[in-house]
Amino acid sequence: MGQRESAFPSSHGSQTNEKVDDGVAWWLKGFIKCIAVLAACVSFGLGIFACISIHGICIGAGLLQICAGLCVLFFEAPCCFQFFELTACLGRFTETRPYWQKGLFYILISIAPIALCFEISTMFGSGAIFLTGTLYGLIALGKKNRQEHNVIEGQGRC
């Protein structure tokens, strides 16, 4: 009665303490997180630069780019937003998401600013987030071929 049930059961409990082996090297996960944080900072900074415009649509694209950069930073580095209560819960939730979902989300939020205002600041800022989404998509694809599969295939042939 005292505990509130979550809509996402994997966001708390024993599953967060267990290490899940998804076949991705720890250094690759860390590298992509660093790329994502760098992309978020670039997107945020270039979004501010895009807001310095006389065209209203480019100001809107800059604001969208700033929001996209903050969103990526919020998901990838929740330690930067410790003063928000929602950060810990949302950080756990995003860590349990499959890589293809993260990649698709980052790609989708990066398309809108480029579609609204095709300038160099929106191309580089949103392009950095698009690159992060692409890297997550490549991780989701996994290894191209495993050695065990090659051995099994080789034994079946003459």
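Residues numbered from 1 in each chain as written. Predicted model: local features only at pLDDT ≥ 70, side-chain atom pairs only at ≥ 80, totals over all residues. Heavy atoms only, no water.

So, about the overall build of the protein chain. Tallying secondary structure elements over the protein chain gives six helices and zero strands in all. Looking at the protein chain as a whole, 28% of its 158 residues qualify as buried. Accessible area for the protein chain stands at about 10800 Å²; split by element, carbon and sulfur atoms hold 68% of it. (Helix = DSSP H or I, 4+ residues; strand = E, 2+ residues; numbered from the N terminus. Buried < 20%, exposed > 50% of the residue type's maximum accessible area, 1.4 Å probe, protein only. Areas by Shrake-Rupley, 256 points an atom, 1.4 Å probe, with all protein chains shown as cover.)

All told, the structure shown has one disulfide when counted by the stated rule. There is a disulfide in this structure between C58 and C117, and the S-S distance comes to 2.0 Å. Between C58 and C117 the disulfide shows an S-S torsion of about 75 degrees. By sign, it is right-handed. Of the two residues, C58 sits in helix 2 (residues 56-76) while C117 sits in the loop between helix 4 (99-116) and helix 5 (120-141), which places them 59 residues apart along the sequence. Given a relative accessible area of 5%, C58 falls into the buried group. Here C51 stays unpaired: no disulfide links it, and the sulfur of C67, its closest cysteine neighbor, is 9.3 Å away. (Disulfide = S-S within 2.5 Å.)

So, on to the nonpolar core. Ranked by size, the top nonpolar core spans 17 residues in total, and within it V72, Y106, I109 and I129 carry the most contacts. Elements with a minimum of two residues in this core: helix 1 (26-51), helix 2, helix 4 and helix 5. Other than its neighbours up to four places away in sequence, I129 contacts A39, S43, A68, G69, V72, Y106, I109 and S110. (Core = buried A, V, L, I, M, F, W, Y, C linked by side-chain atoms within 4.5 Å. Contact = heavy atoms within 4.5 Å.)

Position of I107 relative to the elements: it lies in helix 4. Residue classification places I107 among the partly exposed positions, given a relative accessible area of 21%. Discounting residues that sit within four places of it in the chain, I107 has contacts with F130, G133 and T134.

On to the pattern of salt bridges, then. Throughout the structure, instances matching the rule amount to two salt bridges. Measuring nitrogen to oxygen at the nearest pair gives 3.2 Å for the salt bridge that ties E76 to K33. With E76 in helix 2 and K33 in helix 1, this residue pair connects regions lying 43 residues apart in the sequence. You can call K33 partly exposed: its relative accessible area is 24%. Here E95 and K33 are joined by a salt bridge, their closest N and O atoms 2.8 Å apart. Taken together, the positions of E95 in helix 3 (residues 86-95) and K33 in helix 1 put the pair 62 residues apart, joining distant regions of the chain. (Salt bridge = Lys/Arg side-chain N within 4 Å of Asp/Glu carboxyl O.)

Another aspect to go through is the side chain of E76. For E76, a relative accessible area of 5% gives the class buried. At a separation of 3.2 Å, a polar atom in the side chain of E76 contacts the side chain of K33. For E76, the residues in contact, after removing those within four places along its chain, are K33, A36, V37, K102, Y106 and Y136. (Polar contact = N/O pair within 3.5 Å; in protein donor to acceptor, adjacent residues only side chain to side chain.)

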